[in-house]
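Each chain is listed here by its residues.
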Amino acid sequence: MSYFRRIEVGEAVLTTFLVGKLRMKTSEIVRPGTELPPGVSLDDVNDLPVYSAHIAIGKASIVIDPCDYEALLQVDASVKVPGYTPPPPLLDQMAQAGIGRAKITHVILTHFHSDHIIGSTLKEANGKYVPAFPSARYYLGAADWNSADVQAALKENPEYANTLGVLNSSKMLSLLERPVEIVPGLIVVPMPGESPGHQIVRVTSKGRVLYCIGDLFHEPMDVADPRIMSEWNDPVANLRSRDLFLVEASVNHALVVAGHMGVGRILRSPTSYGWKEA
Ligand SMILES: [Zn+2]
């Protein structure tokens, strides 16, 4: 059984990798006081899938949000799904898909949360952490790096010292402050809200458009009502980012990869938007 999926977008090739699932109650993902859609309760248990992605475009081989699921469960056992057998690790799936980690040219981290960065390094037999993609340049939003949360975590939390800290001391980390075309046809665009430096990836090729949006939305109900968001979100920034994105993605009939929703499209109705799996 294969957990990865390959889709052509113009001349670019997208590969998505399901790496695991995180168990979270709705009350852990939505702000207190949020008006929920009919049939949804704060006590609902959700097994959120976690996706990493790869884009081949021109000569570039680009990883987005590498997640090492085993390492993630080690830092946060509370999200474990009882009895769940996870897919093979991301690097094994990539090898199976013919994508060599040594040949990765760029790694884009949509934001600093563990599930999106924890596969950016790996632990060698001697216990030392090294970049998982040794020839790549890594990109993080400057506002994430500069945030008090990340600066404190780098000092106090081994999980951050062993990932972002290692990338920084290896001089492989670039911090982005505004939209940047990393390679022809692929732009990284700030979409703050989920975190101060949250950013998304936009690919255009032969008239087709693809977005990798990290955690701009966590669940399809957030697309239907963009005011449904997490307690840790900046509500004003997040709603602005979401509204901008919904217009763009629906006008462009874009393919969308979301960190916890997989592959889909944004559908527009006269009064709202919706998520349709693709
Ligand atoms: Zn996430």
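Predicted model, so just to flag it, every value in this text is computed and none were measured.

Caption draft 1: How the structure looks around the overall build of the chain. Across its full length, the chain holds nine helices and 16 strands. Since a compact globule built from 278 residues should have a radius of gyration of about 19 Å, the 18 Å found for the chain is in line with a globular shape. Among the 278 residues that make up the chain, the fraction classed as buried is 41%. Within the chain, counting contacts between residues at least 6 apart in sequence, those at least 24 apart form 65% of the total.

Caption draft 2: Seen up close, the packing of helix α6 (residues 148–156) against helix α7 (residues 158–169). Axis separation between α6 and α7 bottoms out at 7 Å; the angle between their running directions is 110°. Considering their axes alone, α6 and α7 lie roughly perpendicular with respect to each other. Between α6 and α7 lies a crossing of left-handed hand. In this structure, α6 uses Val150, Ala153 and Leu154 to contact α7, whose residues at the interface are Tyr160, Ala161, Leu164 and Gly165. Across the contact of α6 with α7, the residue classes break down as six nonpolar, one polar and no charged.

What counts and what doesn't
Residues numbered from 1 in each chain as written. Predicted model: local features only at pLDDT ≥ 70, side-chain atom pairs only at ≥ 80, totals over all residues. Helix = DSSP H or I, 4+ residues; strand = E, 2+ residues; numbered from the N terminus. Rg over C-alpha atoms; globule rule 2.2 N^0.38 Å. Buried ≥ 20, exposed ≤ 12 C-beta atoms within 10 Å, placed from the backbone. Contact = placed C-beta atoms within 7 Å. Axes fitted to C-alpha atoms, helices over the stretch in contact; angles between N-to-C directions. Parallel < 35°, antiparallel > 145°, perpendicular 65-115°, else oblique. Left-handed = near helix turned anticlockwise from the far one by under 90°. Nonpolar A, V, L, I, M, F, W, Y, C, P; charged D, E, K, R; others polar.

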